[in-house]
Amino acid sequence: MPENRTRRKVIKSPAAKGGGPRVVAGRGHRLSAAAYPAGASRGAEVAGEFVEYVTRNAPRGEWALIAKLILDEAFADPVGTRAGDWAEAAAERRQSLFDKVATLKAGEAGRVLAPRAGESRTLVKKLRDEGVLLGLPLGRRPDYHYPAFQFDTVHHRVWPIVAYANSRLGAAEDPWGVTSWWRTPSDILDGRTPLQDLEEGDLTEIAVDNMISAAERGM
């Protein structure tokens with residue numbers, strides 16, 4: 001019996017000049033982002049591709065039915081719906097993580113780091129922007145909260161090993177991910193979390209480097 005293969009049809013149009021051919025494969029299609037302005041919706045892309053395909057290939061008597069299908073697809077916006085679901089799930093994960101971490105507000109963190117300085121909030125922001133101090137943004141402003149485990153309250157500083165790990169992990173760009181890292185057990189630490197080793201005084205720069213290397217290798 002001959003092998004059943006999906007027929008592929010390559011369609012070229014004036015709109016596609018410079019962007020390469022568009023491919024229609026089976027019942028699906030591959031969209032060319034280059035053919036649409038930046039920020040165009042998925043619905044507009046789908047409609048544009050189908051209109052081009054239909055006008056070239058479908059019998060004229062079926063255009064009305066196909067036009068309805070195009071509109072249904074264009075306004076369904078399943079990608080937007082999924083994006084909303086993902087955003088909601090991410091917000092729930094962040095809130096769950098925040099509930100498990102003791103934090104200080106910006107003013108409290110400033111008084112720990114610079115109890116006699118008038119610009120303590122400026123210092124806190126500077127350390128956060130540098131990625132040395134982990135700050136969790138909440139709300140639209142946002143309002144930052146600082147995990148308490150980072151602070152050496154006796155010497156009024158961020159623990160050096162915490163500053164090292166935060167900087168290496170990119171705390172300024174991904175504060176929630178770095179907070180999760182501190183609470184995640186590691187094989188490098190025999191199943192303990194970095195936070196546990198920190199609290200016991202056992203966390204080292206070598207251990208931090210090894211954990212990051214293992215993560216980069218996908219271990």
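Residues numbered from 1 in each chain as written. Predicted model: local features only at pLDDT ≥ 70, side-chain atom pairs only at ≥ 80, totals over all residues. Heavy atoms only, no water.

**Q** Explain the side chain of Thr193 here, please?
**A** By the element assignment, Thr193 lies in the loop between α7 (175-182) and α8 (194-199). Excluding anything up to four places from it in sequence, Thr193 contacts Trp182, Arg183, Thr184 and Pro185. (Helix = DSSP H or I, 4+ residues; strand = E, 2+ residues; numbered from the N terminus. Contact = heavy atoms within 4.5 Å.)

**Q** Please explain helix α6 (residues 160-169) as it appears in this structure.
**A** Note that an α-helix has 3.6 residues per turn; residues three or four places apart therefore point the same way. Listing the buried residues of α6 in full gives Ile161, Val162, Ala163, Ala165 and Asn166. Of the surrounding elements, those touching the buried residues of α6 are β8 (157-158), α7, α8 and α9 (205-216). Count one or two residues on from α6 and you reach Gly170, which has phi positive near 85 degrees. (Buried < 20%, exposed > 50% of the residue type's maximum accessible area, 1.4 Å probe, protein only.)

**Q** How should I be thinking about the packing of aromatic side chains in this particular structure?
**A** Aromatic ring pairs are defined here through the distance separating the ring centres and the angle between the ring planes. Applying the stated rule across the entire model yields 2 aromatic pairs. With a centroid separation of 5.2 Å and an interplanar angle of 55 degrees, the aromatic rings of Phe149 and Trp182 are classed as tilted. Taken together, the residues span a long stretch of sequence, with Phe149 in the loop between β6 (143-147) and β7 (151-152) and Trp182 in helix α7 at a distance of 33 residues. On the accessibility criterion, Phe149 (15% relative accessible area) is buried. Overall, the relative accessible area of 0% leaves Trp182 in the buried class. Ring geometry for Trp181 against Trp182: centres 5.0 Å apart, planes inclined by 80 degrees, an arrangement best described as edge-to-face. Summarising the burial analysis for this pair, Trp181 and Trp182 share the class buried. (Phe/Tyr/Trp six-rings, centres within 6.5 Å; stacked < 30°, edge-to-face > 60°.)

**Q** Before we go on, may I ask you to explain the sheet that holds β6 in this structure?
**A** Strand pairing in a sheet takes place through backbone hydrogen bonds and is either antiparallel or parallel in direction. Taken in spatial order, the 3 strands line up as β4-β6-β5 in an open sheet, and their pairing is antiparallel. At either end of the open sheet lies a strand with only one pairing partner, and these are β4 (103-105) and β5 (136-138). The average angle at which neighbouring strand axes cross in this sheet is 35 degrees, direction not considered. Note: β4 against β6, 3 bridges, orientation antiparallel. (Pairing = 2+ DSSP bridges. Axes fitted to C-alpha atoms, helices over the stretch in contact; angles between N-to-C directions.)

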